[in-house]
Amino acid sequence: MPHAAETVTLRRPGARPMLPLDIAGLTLAVDSRRLVDDLTLRLKGSGLTVIMGPNGAGKSLLLRLIHGLIRPTAGAISWGGVPMSAGLRVRQAMVFQRPVLLRRSVAANIDFVLGLRGAIGARAAAERRDRLLDRVGLLGHARQSARLLSGGEQQRLALARALAVEPEVLFLDEATASLDPASTQMIEEIVLAERGRGTKVIFVTHDIGQARRLADDVVFLHRGRLVEHRPARQFFDDPSSPPARAYLDGRIVL
Amino acid sequence: MQDLADAVRMALSLAMSGDAGFIEIVLLSLRVSLSATAIACLIGLPLGALIAIGRFAGRGPLIVIVNALMGLPPVVVGLVVYLNFSRAGPLGWLGLLYTPTAMIVAQTILVAPIVIALSRQVLEDLHAEYDEQFRSLNVPRGTAVWALIGDGRHALMTVALAGFGRAVAEVGAVIIVGGNIDHLTRVMTTAIALETSKGDLALALALGMVLLAVALAVNALVMGLRASARRSAYV
Ligand SMILES: Nc1ncnc2c1ncn2[C@@H]1O[C@H](COP(=O)(O)OP(=O)(O)OP(=O)(O)O)[C@@H](O)[C@H]1O
Ligand SMILES: [Mg+2]
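The residue numbering used here restarts from 1 in each chain and proceeds along that chain's sequence as written. To label them, take the chains in the order written and letter them from A, then take the ligands in the order written and number them from 1. Under the rules for a predicted model, residues below a pLDDT of 70 receive no local features and side-chain atom pairs below 80 are neither given nor counted, while totals for whole chains, interfaces and linings still include all residues. No hydrogens and no water enter the side-chain calculation; it runs on all heavy atoms of the structure.

Put simply, DSSP H or I for four residues or longer makes a helix, DSSP E for two residues or longer makes a strand, and each gets a number counted from the N terminus. Of the regular secondary structure elements, chain B holds 10 helices and 0 strands. Projecting the C-alpha coordinates of chain B onto the three principal axes gives extents of approximately 70 × 50 × 25 Å. Looking at the 235 residues of chain B, the share that counts as buried comes to 45%. Surface accessibility in these figures is a Shrake-Rupley result with a 1.4 Å probe; residues are shielded only by whichever protein chains are displayed. In the form shown here, chain B has an accessible surface area of approximately 11200 Å², with 71% of it arising from carbon and sulfur atoms. Each residue gets one of three labels from its accessible area relative to the maximum for its type: buried under 20%, exposed over 50%, partly exposed in between, using a 1.4 Å probe on protein chains only.

See below:
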């Protein structure tokens with residue numbers, strides 16, 4: 001299992017490695033509610049980290065915080081020893097829980113992102129776009145309006161768009177929540193292939209079977225707090241905290 | 001009552017006849033107001049977009065001011081442009097007073113706040129939707145502005161239409177800076193005002209009907225375009 005930082009392929013030669021991710025005392029308070037509460041966590045190697053926890057635990061907020069989309073009330077986030085910044089965000093991509101697609105065609109949604117990342121020539125860009133669409137099974141929909149795709153197709157397009165960035169860190173927030181089994185398998189295969197290339201994947205899911213299939217390590221959140229962070233095998237075989245045990249047993253987590 | 005019926009009949013035949021003087025007035029109206037709307041959009045859309053996505057000090061007051069400017073009285077705009085373009089005014093040397101150009105300038109000033117204020121509203125909603133995704137992708141501000149304008153184009157057409165409607169229907173500004181000179185600066189609204197005061201109701205009515213027809217046609221066109229956009233879920 002590619003767990004060491006050294007296995008990270010340098011898609012930007014000469015750039016410092018992104019990992020480890022260090023989160024120290026991360027807190028997000030809104031109206032005196034601590035939505036993320038003094039969270040300290042270190043993700044060392046590449047590989048696939050699954051974040052789990054009941055609804056409202058703060059999983060989506062944690063992704064936004066470490067991707068630098070919201071500013072924490074307190075605490076620090078650094079990637080490879082460098083504090084989170086817009087410059088680092090260029091090397092990351094996120095598939096949101098509710099995908100936001102541009103009011104354009106499926107193809108144009110990918111073209112937009114390829115256009116952001118400098119000149120690779122129109123033909124090369126079109127080829128890359130078609131490859132990406134093919135990978136998520138949407139090549140046949142290229143000319144269609146992105147907003148008329150089904151929910152699951154929209155999520156697949158959002159993933160293809162994220163991959164267009166060639167991210168070194170890929171965040172997925174319940175990216176398979178509305179997908180049929182075949183599409184779910186397709187996404188899982190893509191995600192595993194990305195991990196195989198050395199991309200750090202941080203994956204939020206409620207699907208325990210999926211988490212077992214994908215996870216190298218599991219972060220379990222409850223009410224904005226970090227409850228457990230352990231290798232996947234250990235976590236699933238013997239969750240040490242009552243909230244995680246209740247969650248895995250399908251009981252309501254109090 | 002007889003007068004009115006006669007006037008309507010004469011107006012219809014005039015409107016259908018293709019009378020050269022009549023067509024000249026209609027075309028100048030369209031030229032002036034379409035030019036003013038186009039220039040106002042060129043200036044106003046990027047400004048509206050920048051206000052929509054910007055987070056700068058004074059943004060709130062600026063929005064209030066721009067909204068208030070939507071209601072600028074045409075005669076006041078006409079007066080201000082007149083003072084600038086008159087022989088003694090700072091721009092008098094341009095010799096633009098009583099030309100169609102002066103009329104375009106005045107109408108641009110009238111329409112620009114409408115375009116800025118309404119496009120800001122439209123684009124702010126779209127921005128709220130795109131913002132987080134754009135920040136995740138590190139979309140540069142300039143690119144974001146053009147993407148918002150591009151993707152909001154169907155809603156923005158309605159904005160341009162509102163601006164054009166204001167321009168083509170106003171009389172106060174063009175009559176002051178244009179002077180309603182026959183064959184030179186006479187447009188539909190100024191001609192209607194003049195002919196009505198002279199008692200030539202037929203010509204006034206005919207022009208009024210064309211004005212209405214123009215408004216209807218432009219509205220129908222925009223509605224058609226929006227309907228096709230809605231079918232693609234682009235609105
Ligand atoms: N902008 C905000 N202002 C105030 N409260 C917020 C805000 N965003 C999220 N919250 C609250 O923070 C908590 C955590 O939200 P978050 O979206 O991170 O949950 P989650 O773990 O992703 O849940 P789910 O599994 O349902 O997606 C929720 O109780 C939510 O109501
Ligand atoms: Mg969530």
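Scanning chain A for helices and strands turns up 9 helices and 10 strands. In terms of C-alpha radius of gyration, chain A reaches 18 Å, essentially the compact-globule figure of 18 Å for 254 residues. Taken along its principal axes, the extent of the C-alpha atoms in chain A is 55 × 40 × 40 Å. Every residue pair with non-hydrogen atoms within 4.5 Å of one another is taken to be in contact. Sequence-distant contacts, at least 24 apart, represent 69% of the contacts inside chain A between residues at least 6 apart. Summing over all exposed atoms, chain A offers an accessible surface of approximately 11000 Å²; the carbon and sulfur share of this is 52%. Under this rule, positive means Lys or Arg and negative means Asp or Glu; His and the chain ends count for nothing. The atom standing in for a charge is NZ when the residue is Lys, CZ when it is Arg, CG when it is Asp and CD when it is Glu. Across chain A, the mean location of the 36 positive side-chain charges is 5 Å away from that of the 25 negative side-chain charges. Here the globule rule is a power law, 2.2 Å times the number of residues to the power 0.38, and the radius of gyration is based on C-alpha atoms.

Right, let's get into the site of ligand 1. Residue and element names in this part refer to chain A. Lining the immediate surroundings of ligand 1 are 14 residues, of which N55, G56, K59, S60 and H206 lie closest. Any pair of nitrogen or oxygen atoms within 3.5 Å is treated as a polar contact; in protein, a donor-acceptor pairing is required on top of that, and neighbouring residues in sequence qualify only through side-chain atoms on both sides. A distance of 2.9 Å separates an oxygen atom of ligand 1 from a polar backbone atom of L61. A distance of 3.3 Å separates an oxygen atom of ligand 1 from a polar side-chain atom of E174. If you list the elements that add at least two residues to the shell around ligand 1, you get β2 (33–43) and α1 (59–66). Among the elements that line the shell around ligand 1, the one with the most residues is α1, at 3 residues. Of the residues that constitute the shell around ligand 1, the class distribution is 5 nonpolar, 6 polar and 3 charged. What makes a residue near a molecule or strand is one non-hydrogen atom of that residue sitting within 4 Å of it. Residues are sorted three ways: Asp, Glu, Lys and Arg are charged, Ala, Val, Leu, Ile, Met, Phe, Trp, Tyr, Cys and Pro are nonpolar, and all the rest, Gly among them, are polar.

Turning next to the sheet that holds strand β5 (residues 82–83) of chain A. Residues and elements named next belong to chain A. Any two strands are treated as partners once DSSP identifies two or more bridges connecting them. On the basis of which strands lie adjacent, the open sheet formed by 4 strands has the order β2-β1-β4-β5 and antiparallel pairing. At either margin of the open sheet sits one strand with a lone partner, and together these are β2 and β5. The pairing of strand β4 (residues 74–79) with β5 spans 2 bridges and is antiparallel. If you follow W79 over to β5, its bridge partner there is V82.

Let us look at the confidence of the model for chain B. Predictor confidence is given residue by residue as pLDDT, running from a minimum of 0 to a maximum of 100. When pLDDT is averaged across chain B, the result is 91; 99% of the residues are at 70 or more. Under the prediction, the complex receives an ipTM of 0.89, its pTM being 0.84.

Residues and elements named next belong to chain A. Donor atoms (N, O, S) are those found within 2.8 Å of the metal centre, with the cutoff raised to 3.2 Å for Na, K and Ca; water is not part of the atom list, so apparent gaps in a site can occur. Taken together, S60 (OG) and Q97 (OE1) make up the protein donors of the magnesium ion (ligand 2), found 2.0 to 2.2 Å from the metal. Residue S60 is located in helix α1, and its partner Q97 is located in the loop between β6 (92–95) and α3 (106–116); the two are separated by 37 residues in the primary sequence. Residue class for Q97 comes out partly exposed when judged on its relative accessible area of 35%.

In this section: unusual backbone geometry. All names here are of chain A. Cis rather than trans, the peptide bond between L19 and P20 has omega equal to 5°. By the secondary structure assignment, P20 is in the segment before β1 (21–30). Backbone geometry at D38 places phi at a positive 50°, although glycine is not the residue there. Along the polypeptide, D38 turns up in strand β2.

Moving on, we get to the sheet that holds strand β8 (residues 200–204) of chain A. The strands making up a sheet are joined through hydrogen bonds of the backbone, oriented either antiparallel or parallel. All names here are of chain A. Taken in spatial order, the 6 strands of this open sheet run β6-β7-β8-β3-β9-β10, and their pairing is mixed. A single partner strand is all that each edge strand has here, and the edge strands are β6 and β10 (225–231). When strand polarity is set aside, the average angle formed by the axes of neighbouring strands in this sheet is 15°. Both strand β7 (residues 169–173) and β8 contribute to a ladder of 5 bridges, which runs parallel. Across the sheet, residue V169 finds its bridge partner in β8, namely K200. Running at roughly 175° to β6, helix α5 (residues 151–164) makes contact with β6 and β7 of the sheet. Axis geometry follows a simple rule: fit a line to the C-alpha atoms, using only the stretch in contact for helices, then measure angles between N-to-C directions, giving values from 0 to 180 degrees.

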